[in-house]
Amino acid sequence: MYRVCLILLAFATRCAIAGFPSVLPTKGEVWPRPQMSVTSNTYMVIRPETFRFTTVGHDCDILKAALKRYIGVIFASYSSVEQLRSQPWRKDGHFRGYLDNVKVNLIAQCEELPHRNMDEHYEIKIDSPDAPTEGTIVSQSVWGILRGLESFSQLLLPSGSAYVLNSTQIMDFPRFSFRGLMLDTARHFLPVSKLKENLDLMAMNKFNVFHWHLVDDQSFPYESAAFPNLSKLGSYSSSHVYSAADVADVVEYARLRGIRVLPEFDTPGHTKSWGPGQPGLLTKCYTNSTPDGTFGPIDPTNDANYKFLQSFFTEVTHRFPDHYVHLGGDEVSFSCWESNPAITQFMAEHNITGNYSKLEEIYVTKLLDIVANLPTKNGYLVWQEVFDNRVEVAKDTVVHVWKNSPTWKQEIDEVTSAGYQTVLSSCWYLNYISYGIDWHKYYECDPQEFNGTAAQQQLVLGGEACMWGEYVDRTNVISRTWPRAAVVAEKLWSAAVHTTDAVAATPRLEEHRCRLLGRGYDVEPLWPSFCPSDL
């Protein structure tokens, strides 16, 4: 502990001695760190009663909702903290004036839906040399405006009944186009309110993909209009389901924050909860040539199953407007297939000898073909096992790397060498927690840190933090996910050269944690510390 304290002291932090917090936060630093930022010691003052945003370019529903939302975000933070109100700002030689209006300049027309290649570049100018005492947020796209509004909100510091912000210029854009966070709603059901709370936090950290792992072995909470028995017989209860209205609500809430909703329906394994509502879908398992009453993965030899899957995914892709759907494909156990005499006969008739991964390949190939040829012409992500088992997939397939065996770096090298795009999650499983400071390992992981060519590096779309739900429900999903996920957010947004030192990031992360806490989110402490909103 003493050695850790000495290291922290080198970066203007203090150990918890004589009543002092372990880490002293920065003030007014943006998280994730912008690509380029210049700040001076002069400052402007914002008064809540006179401040407003003014739209000077294009306008749309997303922008209107965002401006209204951020007025609430900015002026609600710390509003009840008397300690801050008792320390008002005072004019001095650095005071540049009152900033009563920030111009929001959306140059191009709004897009309706966030998408994989959306432009998130933005610029902020507060009292810049070419526009003294003025404030502007400008972007070519509404998605960039959303990111700029978040950064602007983080620049403000409460001071008495007003807010101060330094004269600042920011030019910013994400390093990776895919910056995801996955929640699992099958092991434990998460109410829509918690999903929205998480989406708010994602927006505050500039994530842009919500990977919704909807169903699994344990439960099937997705309510299908075409196959209502799936949730009726496969969910924990009638209260533990997501209706079509719930899905639409989540998708719209995410859209207004520039976040894609990527649904996952993992098959052929992880499908036990599908079985009661769709007889004949799962493989019967045998013991000593007799059915033993248990079921394994989806039966790949039953043609009726593919008709079901086509109808089911037609509905799914109409409810979720994103171009991509996650089709899973991980952890398929072959033991049940091996025990089933009908499967054995099918393999003999098709000259498949001894290799049950070939059976998986047959299933996955048919499923991918179904999804690619739906009316919506979707693309798809698959877990890395689909690639590892040498299934032939389309070249626009995105391979989701999650294992560490032998190493994720070797896996990404092989995936990109084969010409496939990839997303990394291996080092960002947030459900693996430990006592003490455990976020450094997330900050030290870089999706492009492998021995690949420049062309291979370009195939890395980004990464995704995962929060699996075996031990997570509505009571702890926010606190366990955040602020750890914020660390991943910065790794995926900021320049690589700016995210190499976890110790240097420590005081900025402390400020950001206090910021999120001040906005009303119960995010966990990272060390012994104090935030004004603890009061």
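Shown above is the structure to which this text applies.
Source: prediction; values computed, not measured. (Residues numbered from 1 in each chain as written. Predicted model: local features only at pLDDT ≥ 70, side-chain atom pairs only at ≥ 80, totals over all residues. Heavy atoms only, no water.)

Novice: So what about the side chain of Lys 206? Which residues, and what values?
Specialist: When you line up the elements, Lys 206 lands in the loop between helix H5 (192-204) and strand E10 (209-213). There is no salt bridge for the buried Lys 206, and the closest opposite charge comes from Asp 172, which lies 4.9 Å off by N-O distance. Discounting residues that sit within four places of it in the chain, Lys 206 has contacts with Val 30, Trp 31, Pro 32, Tyr 122, Arg 147, Glu 150, Ser 151, Asp 172, Arg 179 and Trp 493. (Helix = DSSP H or I, 4+ residues; strand = E, 2+ residues; numbered from the N terminus. Buried < 20%, exposed > 50% of the residue type's maximum accessible area, 1.4 Å probe, protein only. Lys, Arg positive; Asp, Glu negative; His and termini not counted. Salt bridge = Lys/Arg side-chain N within 4 Å of Asp/Glu carboxyl O. Contact = heavy atoms within 4.5 Å.)

Novice: Got a sec to walk through the pairing of strand E5 (residues 122-128)? Specific residues and values, please.
Specialist: Most of E5 sits inside the fold, with 5 of its 7 residues counted as buried. Two elements, E5 and strand E6 (residues 131-139), share 5 bridges in a ladder whose sense is antiparallel. By the bridge assignment, Ile 126 is partnered in E6 with Gly 135. Counting the residues that bridge the hairpin from E5 to E6 gives 2 residues. (Pairing = 2+ DSSP bridges.)

Novice: A description of the nonpolar core should follow, citing residues and the corresponding values.
Specialist: Ranked by internal contacts, the top residues of the largest apolar core, which has 97 residues, are Phe 210, Trp 212, Tyr 222, Phe 312, Phe 313, Trp 439 and Trp 482. With 7 residues, the single largest contributor to this core is H5. In contact with Phe 313, not counting residues within four places along its chain, are Phe 265, Val 325, Leu 327, Leu 367, Val 371 and Leu 374. Core analysis: the next-biggest nonpolar cluster, separate from the first, contains 37 residues, Phe 53, Ile 62, Tyr 122 and Leu 155 among them. (Core = buried A, V, L, I, M, F, W, Y, C linked by side-chain atoms within 4.5 Å.)

Novice: Explain the pattern of salt bridges residue by residue, including any values.
Specialist: Inspection of every chain in the model, using the stated rule, returns 26 salt bridges. For Arg 255, the salt bridge goes to Asp 61, with nearest N and O atoms at 2.7 Å. Of this pair, Arg 255 sits in helix H7 (residues 244-255) while Asp 61 sits in helix H2 (residues 61-76), and the two are 194 residues apart along the sequence. Since its relative accessible area comes to 9%, Arg 255 is described here as buried. Linking Arg 147 and Glu 120 is a salt bridge whose minimum nitrogen-to-oxygen distance equals 2.9 Å. Here Arg 147 is found in helix H4 (residues 142-155), whereas its partner Glu 120 is found in the loop between strand E4 (101-106) and E5, with 27 residues between them in sequence.

Novice: A description of the packing of H5 against H7 should follow, citing residues and the corresponding values.
Specialist: Contact geometry of H5 with H7 gives a least axis separation of 10 Å together with a crossing angle of 15°. Our classification of the angle between H5 and H7 gives roughly parallel. As H5 runs across H7, the sense of the crossing is right-handed. Every residue of H7 that contacts H5 at Val 192, Leu 195, Lys 196, Leu 199 and Asp 200 is listed here: Asp 246, Asp 249, Val 250, Tyr 253 and Ala 254. In terms of residue class, the contact of H5 with H7 is made up of 6 nonpolar, no polar and 4 charged. (Axes fitted to C-alpha atoms, helices over the stretch in contact; angles between N-to-C directions. Parallel < 35°, antiparallel > 145°, perpendicular 65-115°, else oblique. Left-handed = near helix turned anticlockwise from the far one by under 90°. Nonpolar A, V, L, I, M, F, W, Y, C, P; charged D, E, K, R; others polar.)

Novice: Could you give an account of the side chain of Glu 385, with specific residues and numbers?
Specialist: Among the structural elements, Glu 385 can be located in helix H12 (residues 384-388). Relative accessible area serves as the criterion here: at 8%, Glu 385 is assigned to the buried category. Excluding residues within four positions of it along the chain, Glu 385 makes contact with Gly 329, Asp 330, Glu 331, Trp 402 and Lys 403.

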